[in-house]
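Here is how the chains run, residue by residue.
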Number of protein chains: 4
Amino acid sequence: MTTTSTFPSPECRYEHRVSYGETDCMGVVYYAEYLHLFERARSEFIRERGMSYARVEEKGFFLPIREAHCRYLAPARYDDLIVVRTGIDAWTRASVRFIYEISDKNSGKPLSTGFTQHACVNRDGRPVRIPQWLRDLMTDA
Amino acid sequence: MTTTSTFPSPECRYEHRVSYGETDCMGVVYYAEYLHLFERARSEFIRERGMSYARVEEKGFFLPIREAHCRYLAPARYDDLIVVRTGIDAWTRASVRFIYEISDKNSGKPLSTGFTQHACVNRDGRPVRIPQWLRDLMTDA
Amino acid sequence: MTTTSTFPSPECRYEHRVSYGETDCMGVVYYAEYLHLFERARSEFIRERGMSYARVEEKGFFLPIREAHCRYLAPARYDDLIVVRTGIDAWTRASVRFIYEISDKNSGKPLSTGFTQHACVNRDGRPVRIPQWLRDLMTDA
Amino acid sequence: MTTTSTFPSPECRYEHRVSYGETDCMGVVYYAEYLHLFERARSEFIRERGMSYARVEEKGFFLPIREAHCRYLAPARYDDLIVVRTGIDAWTRASVRFIYEISDKNSGKPLSTGFTQHACVNRDGRPVRIPQWLRDLMTDA
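Residues numbered from 1 in each chain as written. Chains lettered and ligands numbered in written order. Predicted model: local features only at pLDDT ≥ 70, side-chain atom pairs only at ≥ 80, totals over all residues.

(A) Up close: the overall build of chain A. Secondary structure assignment for chain A yields 3 helices and 5 strands. When the helices and strands of chain A are listed from N to C terminus, the series reads β-α-α-β-β-β-β-α. Taking 141 residues into account, the globule formula puts the C-alpha radius of gyration at 14 Å, and chain A, at 15 Å, falls close to it. Split into buried and exposed, the 141 residues of chain A put 43% on the buried side. A separation of at least 24 residues holds for 69% of the contacts in chain A among residues at least 6 apart in sequence. (Helix = DSSP H or I, 4+ residues; strand = E, 2+ residues; numbered from the N terminus. Rg over C-alpha atoms; globule rule 2.2 N^0.38 Å. Buried ≥ 20, exposed ≤ 12 C-beta atoms within 10 Å, placed from the backbone. Contact = placed C-beta atoms within 7 Å.)

(B) Local environment of the sheet that holds strand β2 (residues 65-72) of chain B. Reading across from one edge, β1(B)-β3(B)-β4(B)-β5(B)-β2(B)-β2(D)-β5(D)-β4(D)-β3(D)-β1(D) is the order of the 10 strands in this open sheet, with antiparallel pairing throughout. This sheet does not close on itself; its edge strands, each paired only once, are β1 (12-17) of chain B together with β1 (12-17) of chain D. Strand-to-strand, the axes of this sheet are offset by a mean angle of 20°, without reference to chain direction. Pairing of strand β3 (residues 81-92) of chain B with strand β4 (residues 95-104) of chain B, which is carried by 10 bridges, proceeds in the antiparallel orientation. The residue of β4(B) that forms the bridge with G87(B) is I99(B). (Pairing = 2+ DSSP bridges. Axes fitted to C-alpha atoms, helices over the stretch in contact; angles between N-to-C directions.)

(C) Structural context of the interface of chain C and chain A. At the interface, 13 residues of chain C touch 13 residues of chain A. Broken down by secondary-structure element, the contributors of at least two residues to the side of chain C that touches chain A are α1 (33-49) and β2 (65-72) of chain C. Here the side of chain C that touches chain A takes 8 residues from β2(C), the largest share from any one element. Its residues assigned to classes, the side of chain C that touches chain A shows 8 nonpolar, 2 polar and 3 charged. (Nonpolar A, V, L, I, M, F, W, Y, C, P; charged D, E, K, R; others polar.)

(D) The arrangement of the relation of the copies chain D and chain A in detail. Mapping chain D onto chain A calls for a screw motion: a turn of 180° about the axis and a shift of 0.0 Å along it, with 0.0 Å RMSD after fitting. In symmetry terms, the pair is related by a two-fold rotation axis. Closest approach to the rotation axis among the C-alpha atoms of chain D is made by H16(D), whose C-alpha sits 5.4 Å away. When the interface residues of chain D are mapped onto chain A, 100% of them are again interface residues, pointing to one common binding face. (Least-squares fit on C-alpha atoms with pLDDT ≥ 70 in both.)

(E) Here's a closer look at the nonpolar core. Counting residues in each nonpolar core, the largest one holds 148 residues, and the members touching the most others are L35(A), L35(B), L35(C) and L35(D). Ignoring anything within four residues of it in the chain, the contact list for L35(C) reads Y31(A), A32(A), L35(A), A68(C) and C70(C). (Core = buried A, V, L, I, M, F, W, Y, C linked by C-beta atoms within 7 Å.)

(F) Representation of the interface of chain D and chain A in the model. If you look at the interface, chain D gives 11 residues, while chain A gives 11 residues. The greatest single-element share of the side of chain D that touches chain A, amounting to 4 residues, is contributed by helix α1 (residues 33-49) of chain D.

(G) Representation of unusual backbone geometry within the structure. Cis rather than trans, the peptide bond between S9(A) and P10(A) has omega equal to 0°. Mapping P10(A) onto the fold places it in the segment before β1 (12-17). At D79(C), a position not held by glycine, the phi torsion is positive, near 80°. The residue D79(C) is located in the loop between β2 and β3 (81-92) in this model.

(H) Structural context of the sheet that holds strand β5 (residues 110-119) of chain A. In space, the 10 strands of this open sheet follow the order β1(A)-β3(A)-β4(A)-β5(A)-β2(A)-β2(C)-β5(C)-β4(C)-β3(C)-β1(C), with antiparallel pairing throughout. A single partner strand is all that each edge strand has here, and the edge strands are β1 of chain A together with β1 (12-17) of chain C. On average, each strand axis in the sheet is inclined to that of its neighbour by 20°, with strand direction left out of account. Where strand β2 (residues 65-72) of chain A and β5(A) come together, 7 bridges link them in antiparallel fashion. What sits directly across from C70(A), in β5(A), is G114(A).

(I) Structural detail: the pairing of strand β3 (residues 81-92) of chain A. Residue and element names in this part refer to chain A. Pairing of β1 with β3 involves 6 bridges; the strand directions are antiparallel. Each bridged residue has a counterpart across the sheet, and for E15 the counterpart in β3 is V83. Once β3 ends, the chain turns through 2 residues before running back antiparallel as strand β4 (residues 95-104).

(J) Here's a closer look at the relation of the copies chain C and chain A. Overlaying chain C with chain A gives an RMSD of 0.0 Å, the required rotation being 180° about an axis along which the chain moves by 0.0 Å. Interface overlap between copies is the fraction of interface residues in one copy that are interface residues in the other; for chain C against chain A it reaches 92%, indicating a shared surface.

(K) Up close: the environment of Q117(D). Residues and elements named next belong to chain D. The residue Q117 is located in strand β5 (residues 110-119) in this model. Residue classification places Q117 among the partly exposed residues on the basis of 18 C-beta atoms within 10 Å. Distance in space between the C-alpha atoms of Q117 and A76 is 24 Å, their sequence separation being 41 residues. Among all residues touching Q117, those that are not within four sequence positions of it are R66, E67, S95 and R97.

Okay, here's the thing in structure tokens:
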């Protein structure tokens, strides 16, 4: 699913410089920080399609996370410049799945892979069908 | 202001075990984490007085932070058990200031001191006088 | 794997009060925070067995995370008191898997489930067999 | 000290997009996150002078924080694009003080101001005089 050869299109490549505050006393990026990176990259993916996720929420649709997964392949360290590649690899009527590949910007070394599964809900938190405009937005290259 | 001899009453002593995720690659608790600790201790201070801060908000009063300060005296490390001493040392008609002293639970060694200055606002974010019941609550030993 | 009926023994029940800093603008605990909670609970699990994880590291053994997973069942909110149930459900020669179930302390409502897969490495970061004393420690009720 | 008219030179302007994970249930950026932003901006300030702070540490000099202060003028929200202006406004033989002004990128509205006071220590954590090359580096426009 997350191999380079099959990475879905469209995709977004989000660059990020590792800060001190993201590391832990083992000297590497703390494992929970990867979910923050996934979120930043996911937001950027949507923004690049033409509308911010903030605007999607204003229109009454929310994409809360139902499941998150991360595989840690190699550590990232303070000051490393990394790239989070993001795409969508699965849809259902009322859910969408983003996948992520993080690598070191300079060496290209793979650092982690992961996915997040999202429901689509309205302002009341009730699951709803993903509206066509939102689906079009997120699949627009 | 933050010397032991003059620490205001009532006070709360909040215990906290340092987690891995709070440390950074220098091997010590990251400096922003102290503000999280202040918040936890402040919430506990209010709860010990008889009402949670969540309930205060439900009643329509909010205490957003206008200023925060922290002095770092000695580092805390992973797995250290620390104590956050909390009290209120200043009031105005529409603001309140909490002070904090963090020390190592076992050695008593001082680790940091700080304060947070809070406005009192209503649901619309407008500054309001701190109601008497809230002031009574927070000064109740 | 994470149903109550089959939760492995020994287990640890770690209580946690949700802080403001753990929530996000949707009004609920941010999804990455669950990995922090897993870590806190895991540390407590090991400590309850008789030795802190900090001490395990001093003895030259480290348990870096290779994989993390979390399923979000219901949101937790500011000031909620929650319980993280933790146990170990799988071993290999050089890895161990912790599982977690988070629920609301008062209502018992399930909030999330998850797991973390850990390698065992030495000071040089090389995978090593989990020493018998460490395995005994972590399986000691 | 932190008025625009007297902001010290050289300076760095670090842009940052507010993420979901930085907000809290009041709908705004959580107060501790500003210290993370200060750190990111400070690192960028040093990098722009010609050497990363990571490299400074490799050369045996560390700048741990002794004091941090932040004044919160107006809230930042999810998806806001903000700018952190950073400079150095005070030196002693063995310490340096960074100041920060955060504003909204689009409106220019001031959001916060702050400072961090740093010691200079060697690998053993002992205070040392800031070496001339480091002082030259950080004052180089």
